[in-house]
Amino acid sequence: MGTVAQLREIAPGFLKREDKGRLSTGIPAMDQLTSGGIARGTLTEICGPVSSGRTSFLLALLGAATRQGECCAWIDGAGSFDPQSAFDAGADLDRILWVNCSGNTEHALKAVDLLTQGGGFGLVVLDLADAPERDLRRISMASWFRLRHAAERTGAALVVAETAIHARSCSSLQIEMKRKRPVWTGKLLHGMETEAESRKHYRSQTAEFTALACLACKEVG
Amino acid sequence: MYACLHAPGNLPLLLECARFFSPHIEEIDEDTVVFDVRGLASLFGPPEQLAEAMERRVGVAANIAIAANPDAAIHAAHGRRGVTVIAPGREEDALARLPVNLLCASAGTAELLELWGIRTFGEFAKLPPLGVAARLGEEGVRLQRLARGDGGRQLRPIEDPLQFEEAMELEYPVDLLEPLSFILSRLLNEVCRRLGARSLATNEIRLLLTLEKAPEHAVMVRLPVPMLDPAGFLKMLQLELSGHPPAAPVLKAKLAAEPVKPRRTQQGLFVAMSPEPEKLELTISRLRHLTGPDKVGAVAIVDTHRPDSFAMRAFAPGVGTCQGVGAPARLSLRRYRPAKYAQVVLERERPARISSPVVNGAIAVAKGPWRSSGDWWSAEPWNRDEWDVEATHGGLYRLYHELDSRRWFVEGSYD
């Protein structure tokens, strides 16, 4: 009998994680992919290249969370957060704490550590999508484990956006986003079709959704 | 029970001692205070132990008296040295030997008592009340009741002005934050203790540091919610001072707190969790110290068409309410701040190739231009053409061409 099986026999609850509920992503296809939404008290990684729909997905998640009355934090590694996009995604800007780290990945990690350790936030987004790969590789597993432990303890859903997976065993869910094609309508960028693949699931699953451009807002500019 | 402290020339010490035991203090004269000590038995034990605690606290040689009414305590403290504890009902016996001049009678009454040969409280108390009333009138009746230890008046507590300030002058200039923190901690503890004694909190702490051969250094900590946490205030002041240190060694520290009513909230059982405001404020202070003062907070969209216009506000989320779900996924922009300068090659007046720090190479699709302009009446006008482009590697970007400077920039990527 293997070690894990022995542990299960000795302490049945040892490997079971307490289910603290889920945060709906606001996108039905993604809710289905993630079995009802992003689990609270866990670390989730969203990865993908430029224009793969990571930010659209995260802002949809942010909008859904703030509409449910949650306090959210957006730790912005590169200072690329667009308030107008968040507003268009239905987010209540009064319930979002924006921490602009202006490209300093180390500050972003310290900020997310402070916020997750403090508790009280339903969703904490760590946006490292524009962070240099060499900076991300320097983040130790101990740091990721500390963040995962803080999320477990405080019940916050901690979501990290990157270009590739880095937290590995510390993240309970990894979603890889792939761009499919932009949707053009005449002179307008109408939206973008995205494919999301859930990794680290008992079986790999995929979902597709289309992020639509907020045309009314664009035409005003 | 009431306690009286009498020590010539030490009124500040007497008041400080009295404030430690009671908020209801009456200042009798420049050497005497009397205060209410009812209900302190559970904290200090019987009156004798309470008197010992006062003796230790006052720090100077003082007459201390505890009695059932303020007048008996005052007369005992004026007339007897050391500690006097008068049990309820025993006032007449305890005060009997005191000289009658302690009653502070008017000149005429004092002369009559002198002529009658009345020297002590006890002798005056034994006179027939009807005879005293007939010969000395209303004043005589009142004085005889006092001589019997039968004072029935209410305490007239002094009203502290609602100024919560503490200051400390230093013996030598302090130029390091750590020793200064000890001083600030003491000042904050005292201010918070005084606020707490009045069931108040504060939402603004002002610190004024007098410096050696330099202008005064002021630090202000504003809080979105009233708090009464000296440790939290100290941490916020430390973060402020380490971010903006004084220009010269500190000679004097003066701390003031704005008194406000404390926050009282009743959370609902089904309301989403939110950070504790007190803890959140400290966390935000730490984040500001880490990233910069204008980099942390809630963002608000400004009513203008100028691209990337927003304002930073204090983050105060309040109680969350569920507004339901909905709203389809929206295509979002990731902004480059500042926008990246680009070199763009045009073909048939459309971007065909781009060279910039974030995207290089051929452009597969370019849609535009979307012209916008504004603020031409101000010093910072904007006038530009926007393009949405798809690079050959698949990335979607927003470019804009500044019409006045004829320069191209990458504003952000769609993601």
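Here the structure is a predicted model, which means the values were calculated and not measured.

A. Just the overall build of chain A, in detail. When you go through chain A residue by residue, the secondary structure sums to eight helices and ten strands. Within chain A, the proportion of its 221 residues that are buried is 55%. Considering only contacts in chain A between residues 6 or more positions apart, those separated by 24 or more positions represent 67%.

B. Highlighting the nonpolar core. The biggest cluster of nonpolar side chains holds 92 residues, and the ones touching the most others in it are L61(A), L62(A), L123(A), V125(A) and V159(A). With eight residues, the single largest contributor to this core is helix α3 (residues 54-67) of chain A. Contacts of L61(A), omitting those with residues within four sequence positions, involve L23(A), T25(A), G26(A), I38(A), L123(A) and V159(A). Membership of the second largest hydrophobic core comes to 42 residues, among which are A51(B), M54(B), L95(B) and L143(B).

C. How the structure looks around the domain arrangement of chain B. As assigned here, chain B comprises domain 1 (2-147), domain 2 (164-260) and domain 3 (333-414). Relative placement of domain 1 of chain B and domain 2 of chain B: their C-alpha centres are 41 Å apart.

D. Quick peek at the sheet that holds strand β7 (residues 201-211) of chain B. Residue and element names in this part refer to chain B. Read from one edge to the other, the open sheet built from four strands follows the order β6-β9-β7-β8, with strand pairing classed as antiparallel. Because the sheet does not close on itself, it has two edges, and the strands there are β6 (164-174) and β8 (214-227). Across the sheet, the axes of successive neighbouring strands diverge by a mean angle of 15°, strand direction being ignored. With seven bridges joining them, β6 and strand β9 (residues 250-260) adopt antiparallel strand pairing.

E. Summary view of helix α10 (residues 230-243) of chain B. Residues and elements named next belong to chain B. Taking 1.5 Å per residue, 14 residues should reach 20 Å; α10 reaches 20 Å between its end C-alpha atoms and fits that length. Those residues of α10 lying buried are P230, F233, M236 and L237. Down the axis of α10, the buried side of the element spans an arc of 125°, and every buried residue falls inside it. Set apart from the buried face of α10 by more than 90 degrees, the exposed residues are A231 and S242. Buried residues along α10 sit against α9 (177-197), β7, β8 and α11 (277-291).

F. Quick peek at unusual backbone geometry. Residue P338(B) follows R337(B) across a cis peptide bond; omega there is -5°. With respect to the element layout, P338(B) can be found in strand β12 (residues 333-347). The step from G368(B) to P369(B) runs through a cis peptide bond, and the omega angle for that step is -5°. Turning to its location among the elements, P369(B) is positioned in strand β14 (residues 360-374). Despite not being glycine, S51(A) has its phi angle at roughly 60°, a positive value. You can see S51(A) is positioned in the loop between β3 (43-47) and α3. With phi around 55°, S199(B) is a residue other than glycine that occupies positive phi space.

G. Geometry of the interface of chain B and chain A. Contacts between the two partners involve 58 residues from chain B, matched on the other side by 64 residues from chain A. For the side of chain B that touches chain A, the element with the highest residue contribution is α11(B), accounting for seven residues. Grouping the constituent residues of the side of chain B that touches chain A by class yields 28 nonpolar, 17 polar and 13 charged. For strand β5 (residues 96-100) of chain A and strand β10 (residues 296-301) of chain B, the ladder comprises two bridges, and the chain directions are antiparallel. What sits directly across from V99(A), in β10(B), is V296(B).

H. View of the confidence of the model for chain B. With 97% of its residues at a pLDDT of at least 70, chain B reaches an overall mean of 88. With a pTM of 0.72, the predicted complex shows an ipTM of 0.88.

I. Summary view of the packing of helix α5 (residues 105-118) of chain A against α11(B). Relative to each other, α5(A) and α11(B) sit at 175°, their axes nearing to 10 Å. Looking at the two axes, α5(A) sits roughly antiparallel to α11(B). Of the residues in α11(B), those in contact with H107(A), K110(A), A111(A), L114(A), L115(A) and G118(A) of α5(A) are K279(B), L280(B), T283(B), R286(B), L287(B), L290(B) and T291(B).

J. Spatial organisation of the environment of Q68(A). Relative to the helices and strands, Q68(A) resides in the loop between α3 and β4 (72-76). Separated by 83 residues in the primary sequence, Q68(A) and A151(A) place their C-alpha atoms 19 Å from one another.

K. Quick peek at the pairing of β14(B). Residue and element names in this part refer to chain B. With three bridges connecting them, strand β13 (residues 350-355) and β14 associate as antiparallel partners. Considered in β14, the bridge of R353 is made with A362. Here nine bridges tie β14 to strand β15 (residues 382-391), and the two strands are oriented antiparallel to one another. Bridge pairing in β15 places G374 opposite W382.

L. The packing of α5(A) against helix α7 (residues 141-154) of chain A, seen in detail. Residues and elements named next belong to chain A. Contact geometry for α5 and α7: axes closest at 9 Å, N-to-C directions at 25°. Regarding the angle of α5 to α7, the classification is roughly parallel. You can see that α5 and α7 cross each other, and the crossing is left-handed. Contacts between α5 and α7 involve L109, V112, D113, T116 and Q117 from the first element and S143, R146, L147, A150, A151 and T154 from the second.

M. Region of interest: the sheet that holds β12(B). Residues and elements named next belong to chain B. Spatial ordering of the closed barrel is given by β12-β13-β14-β15-β16-β17, a layout of six strands whose pairing is antiparallel. Direction aside, the axes of adjacent strands within the sheet are offset by 45° on average. When strand β16 (residues 396-402) meets strand β17 (residues 407-414), the two strands line up antiparallel, connected through seven bridges. Across the sheet, residue R398 finds its bridge partner in β17, namely G412.

The rules we used
- Residues numbered from 1 in each chain as written.
- Chains lettered and ligands numbered in written order.
- Predicted model: local features only at pLDDT ≥ 70, side-chain atom pairs only at ≥ 80, totals over all residues.
- Helix = DSSP H or I, 4+ residues; strand = E, 2+ residues; numbered from the N terminus.
- Buried ≥ 20, exposed ≤ 12 C-beta atoms within 10 Å, placed from the backbone.
- Contact = placed C-beta atoms within 7 Å.
- Core = buried A, V, L, I, M, F, W, Y, C linked by C-beta atoms within 7 Å.
- Domains from an automatic or database assignment.
- Pairing = 2+ DSSP bridges.
- Axes fitted to C-alpha atoms, helices over the stretch in contact; angles between N-to-C directions.
- Expected span 1.5 Å × (residues − 1).
- Arc of directions from axis to C-beta.
- Nonpolar A, V, L, I, M, F, W, Y, C, P; charged D, E, K, R; others polar.
- pLDDT = per-residue confidence, 0-100.
- Parallel < 35°, antiparallel > 145°, perpendicular 65-115°, else oblique.
- Left-handed = near helix turned anticlockwise from the far one by under 90°.

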